[in-house]
Amino acid sequence: MTSSKADYDVIVIGAGIEGSASAYTLSKTGRSVLLLDQFPLPHSRGSSHGQSRITRYAYEDGFYVRMMVDAFPLWTQLEQESGSQLFINCGVLDLRTENSPGMKRVLEALTAHNVRYETLSPEQLQQRYPAVRAGDKSAAIFDPSGGILRADKALQAFQQVFLRHGGVIRDNETVTSVTPGSDVTVNTNRGQYTAHSVVIATGAWASRLCSSLGLQLPLKPIRIGVYYCKANEHQFSSHQFPCFIDCRGVTEGFLVYGLPMSEYPGLVKVCSYQGPDINPDERDRETDDTWVDKAVPQIAASLLPGLDGTPSIKEYCIYTNTPDGHPVIDRHPQYPNIVIAAGFS
């Protein structure tokens, strides 16, 4: 603790999953923390809304597996603190071309960190999951520890426990400027606050705020279509079927993933990492994404013939991508008491 009279020890800008988790963790260390968000909470304008997300250990990059070893048990801790079920352990099926370099990288990363997994040959994949039609050359890695995170409930849990530890949330309050210094000044459309440190976790709006601090981050917001398709409830319930990620099409540009029924009754959720570039303030403006609308449900239905290739529901989400696909988590190079956390899609 310093001797200056800042309003807070830390101000976290952005109450999505990264900002809310940061604020929660900081408050548990005894720091005084303000969490700001430009929209009224809860909202569906950013990247953290919705009922479900996949969580998994199976990655090609070993450092993500290492991070999961540390991070994943903390969900159980948050469940206990909040009294909410946040995780559905249905497993994750990672579909690959048999013996491909990507499959070998995943297996090496999991083995290096002593993470449980199963490899399924094309024959074993067909036997275990007859609803999947992946073809003779397609194998899979089954991650038994993965599954569904209940996204909206996770956000609520972080924020509830944060408040319990004395944290302060101010929503519907837009940050207009951040002024560096030994104490950082944050101006909003409703007031001014100071803190010893600031965390910028504003998702698709991070570039705008960081550019005012002399940083040009290569962040690209895109609009993702989220499709819910009818399917056989017995085959695709979360008690019978895992989340899946079809990595075989990544070289063609369409990595499609999906979650078993956990949101809308009788509907399987399918998505891709592809979508049109957008201004996050105009997410719902008419934009040509017919190429995604056509490709994603068709790819999913060809993989899962029991799936209706015509979605019953379509929703939107914003991804914020970086050129190498890895997030930015770092201190500002000139102002070490300003931390940037962005590009998590």
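Look up: the structure comes first, before these words.
Bear in mind the structure is a predicted one, so any value in this text is a computation, not a measurement.

Thresholds applied
- Residues numbered from 1 in each chain as written.
- Predicted model: local features only at pLDDT ≥ 70, side-chain atom pairs only at ≥ 80, totals over all residues.
- Heavy atoms only, no water.
- Helix = DSSP H or I, 4+ residues; strand = E, 2+ residues; numbered from the N terminus.
- Buried < 20%, exposed > 50% of the residue type's maximum accessible area, 1.4 Å probe, protein only.
- Polar contact = N/O pair within 3.5 Å; in protein donor to acceptor, adjacent residues only side chain to side chain.
- Pairing = 2+ DSSP bridges.
- Axes fitted to C-alpha atoms, helices over the stretch in contact; angles between N-to-C directions.
- Parallel < 35°, antiparallel > 145°, perpendicular 65-115°, else oblique.
- Contact = heavy atoms within 4.5 Å.
- Nonpolar A, V, L, I, M, F, W, Y, C, P; charged D, E, K, R; others polar.
- Phe/Tyr/Trp six-rings, centres within 6.5 Å; stacked < 30°, edge-to-face > 60°.

Undergrad: Please clarify how unusual backbone geometry should be interpreted in this entry.
TA: As a rule of thumb, non-glycine residues mostly have phi less than zero, and peptide bonds are mostly trans rather than cis. Omega for the peptide link from Leu 41 to Pro 42 comes to -10°, which places this bond in the cis form. Tracing the sequence through the fold places Pro 42 in the loop between β2 (33–36) and β3 (53–55). Despite not being glycine, Asn 114 has its phi angle at roughly 55°, a positive value. Taking the relative accessible area as the measure of exposure, Asn 114 reaches 73% and is therefore exposed. Here the phi dihedral of Asn 172 falls at roughly 55°; this positive angle occurs in a residue that is not glycine. Structurally, the position occupied by Asn 172 is in the loop between β9 (168–170) and β10 (175–179).

Undergrad: Teacher, can you tell me more about the side chain of Thr 322 here?
TA: Looking at where Thr 322 falls in the secondary structure, it is placed in the loop between β17 (313–321) and β18 (328–331). At a separation of 3.2 Å, a polar atom in the side chain of Thr 322 contacts the side chain of Asp 324. A polar contact is formed between the side chain of Thr 322 and the backbone oxygen of His 326, at a distance of 2.7 Å.

Undergrad: Whenever I open this one, the sheet that holds β3 confuses me. Can you help?
TA: Two modes of strand pairing occur in sheets, parallel and antiparallel, and in both the strands are linked by backbone hydrogen bonds. Strand order in this open sheet of 3 strands is β3-β8-β4, and the pairing throughout is antiparallel. In this open sheet, the two strands that pair with only one neighbour each are β3 and β4 (87–88). In this sheet, strand β8 (residues 147–149) lies alongside β4 in antiparallel orientation, the contact comprising 2 bridges. If you follow Ile 88 over to β8, its bridge partner there is Ile 148.

Undergrad: Explanation requested: the packing of helix α2 (residues 62–71) against helix α3 (residues 73–82) in the structure shown.
TA: Each pair of packed helices gets described by two things: the angle between the helix axes and the distance between those axes. Across the interface, α2 lies against α3 with an axial gap of 5 Å and an inter-helix angle of 30°. In terms of orientation, α2 and α3 fall into the roughly parallel class. The segment α2 lies against α3, with Met 68, Val 69, Asp 70 and Ala 71 engaging Pro 73, Leu 74 and Trp 75. Each residue belonging to the contact of α2 with α3 can be placed in one class, and the counts come to 6 nonpolar, no polar and 1 charged.

Undergrad: Quick question: what am I supposed to make of the packing of aromatic side chains here?
TA: Each pair of aromatic rings is reported with the distance of its centres and the angle of its planes. In this structure the tally under the stated criterion is 14 aromatic pairs. Look at Tyr 129 and Phe 142: their rings are 6.4 Å apart centre to centre, the planes differ by 45°, and that puts the pair in the tilted class. Placement of the pair is Tyr 129 in the loop between α5 (122–128) and β7 (138–143) and Phe 142 in strand β7, with a sequence separation of 13 residues. You'll find Tyr 129 and Phe 142 in the same group, each marked buried. Centroid distance Tyr 273 to Tyr 319: 6.1 Å. Interplanar angle 45°. Geometry classified as tilted.

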